[in-house]
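Structural characterization, general
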Amino acid sequence: MKKKIKLHFIIFLILLWIISGFSISVYNPINRFEQDKTIDPGIEFDPGIESSDTSLNIVATISIIGNVIQNIVGSGSIITTIVSGQEDPHSYEPTPAEVIALREADVVFRMGIEDLEPWWSITASSINSSGDWTPTIVELKEESMLKIDPLLLAEGGAYNPHVWMDPNNIKNFTYKANDTLCSLESTQEDVFSNNTKAYINVLDNLLIQINNSKQELQGLKVVVSHPAFFYLFTLLDMDRVALIEPGEDKEPSAADIANVIDTMEQSGCKLIVYDPQHKSDSAYEIARTTGSELSLLTPLLGVEVAWNGMIKAISTYQEMIEYDLWSLAHPVEPPSLANYIWIYLIFGLSIASIIGVMVYFRYHKSED
Ligand SMILES: [Zn+2]
């Protein structure tokens, strides 16, 4: 009889832990974005993009650049991308396999912004320790692209590094990368140049879509959790009233959050933009307190998002901008606190049951 009770307790415990683990993994949107690390960016091509016969070993530092280069070379070559999308580029460290890919590269395309490739200097000098690393290294960013972000002035770093969020800059990247690829492999020049033309059309079309969205979004006040969308919001003529994170990879304090709430109430801002690469707790909390809505936008590829009622992997730059425009026009309420209460209740029950089992065994032993 006592054995039966013991067995029931154990089964009950196991069930509780399974249910609580499951409900947390289903509920927590951050987990959803961390699950699939294998989404390959740049697989879908515009109909105008042909396949080349390139024999170049190409490495790109960030998924966005990888996608641009993939559109120039077509499906003929797989490009190795170092920071794939879910990772935070501001704090990334390359894996040993990625270091090998860099070592074997004929050409490396990078953004050329220290803040986005913090690993670059150390990794490049360690690969080149014996002086025989001679790939063509292309920095795509131009100084003129970097604009001063007023929300970053308090941090001391005034230039916003997320230049790729403006398709005009991506057009510039595309022309520059095409010039390099054509000079490295003249036999493929026609294919590369035709693909470049086709891809420039895709980017021009995105600029038209941004301009159309501007009719609806211009003047819209927004609070951002990370300053990744400065260049896109500038094109849309939106008004960013505050930044939640007090600095790169820094969590806001209670005072920071109170300041943001004050600013929102004073300015009448009712929208918060957050991203899948950073924690969403503060954005949710501020949205609940101020009765605001949220839009999840992504500045990187390789993440899954809820788009028009479907879960979709964002695998190209074009999809990313189109999704971001859609999400801005379709904000949602923050997840209800009732969900949290449900999770806490299950946790509470689990802990209570452990204490129950311990008390039972102690009582059982002293009886013997
Ligand atoms: Zn960033």
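Now for a quick tour of the structure. (Residues numbered from 1 in each chain as written. Predicted model: local features only at pLDDT ≥ 70, side-chain atom pairs only at ≥ 80, totals over all residues.)

**With respect to the sheet that holds strand β8 (residues 239–243)**
Across the sheet, four strands lie side by side as β8-β7-β9-β10; this open sheet has parallel pairing. The open sheet has two free edges, formed respectively by β8 and β10 (293–296), since each of these has just one partner strand. The sheet shows a mean angle of 30° between the axes of neighbouring strands, direction not considered. Here strand β7 (residues 221–224) pairs with β8 via four bridges, running parallel. If you follow V222 over to β8, its bridge partner there is R240. Here helix α10 (residues 281–290) sits on the sheet and contacts β9 (271–274) and β10; the angle it forms with β9, its principal contact strand, is near 175°. (Pairing = 2+ DSSP bridges. Helix = DSSP H or I, 4+ residues; strand = E, 2+ residues; numbered from the N terminus. Axes fitted to C-alpha atoms, helices over the stretch in contact; angles between N-to-C directions. Contact = placed C-beta atoms within 7 Å.)

**Points about the packing of helix α3 (residues 63–73) against helix α6 (residues 167–184)**
Following both chains from N to C, one finds α3 and α6 inclined at 55°, their axes separated by 10 Å at the closest point. With respect to their mutual orientation, α3 and α6 come out oblique. For the pair α3 and α6, the sense of crossing is right-handed. Of the residues in α6, those in contact with I65, V68, I69, I72 and V73 of α3 are I170, F173, T174, A177, N178 and L181. (Parallel < 35°, antiparallel > 145°, perpendicular 65-115°, else oblique. Left-handed = near helix turned anticlockwise from the far one by under 90°.)

**Structural notes on the nonpolar core**
Core analysis: the largest hydrophobic core is formed by 76 residues, its most contacted members being I58, I65, I69, V223, F229 and I272. Per element, the largest residue contribution to this core is seven residues, and it comes from helix α7 (residues 189–217). Each of domain 2 (58–207) and domain 3 (217–335) contributes no fewer than three residues to this core. If sequence neighbours within four positions are ignored, I69 has contacts with I58, A60, I79, F109 and A177. (Core = buried A, V, L, I, M, F, W, Y, C linked by C-beta atoms within 7 Å. Buried ≥ 20, exposed ≤ 12 C-beta atoms within 10 Å, placed from the backbone. Domains from an automatic or database assignment.)

**Overview of the environment of G66**
For G66, the position within the fold is in helix α3. With 28 C-beta atoms counted inside 10 Å, the residue G66 sits in the buried group.

**Overview of helix α9 (residues 254–267)**
Taking 1.5 Å per residue, 14 residues should reach 20 Å; α9 reaches 20 Å between its end C-alpha atoms and fits that length. At the C-terminal side of α9, G268 shows a positive phi close to 75°. (Expected span 1.5 Å × (residues − 1).)

**Notes on the sheet that holds strand β4 (residues 136–139)**
The strands making up a sheet associate through backbone hydrogen bonding, with each pair oriented either parallel or antiparallel. In space, the four strands of this open sheet follow the order β2-β1-β3-β4, with parallel pairing throughout. Each edge of the open sheet carries a strand with a single partner, namely β2 (80–83) and β4. For this sheet the average axis-to-axis angle between neighbouring strands, irrespective of direction, equals 20°. For strand β1 (residues 58–62) and strand β3 (residues 107–110), the ladder comprises three bridges, and the chain directions are parallel. Bridging across to β3, A60 finds its partner in F109.

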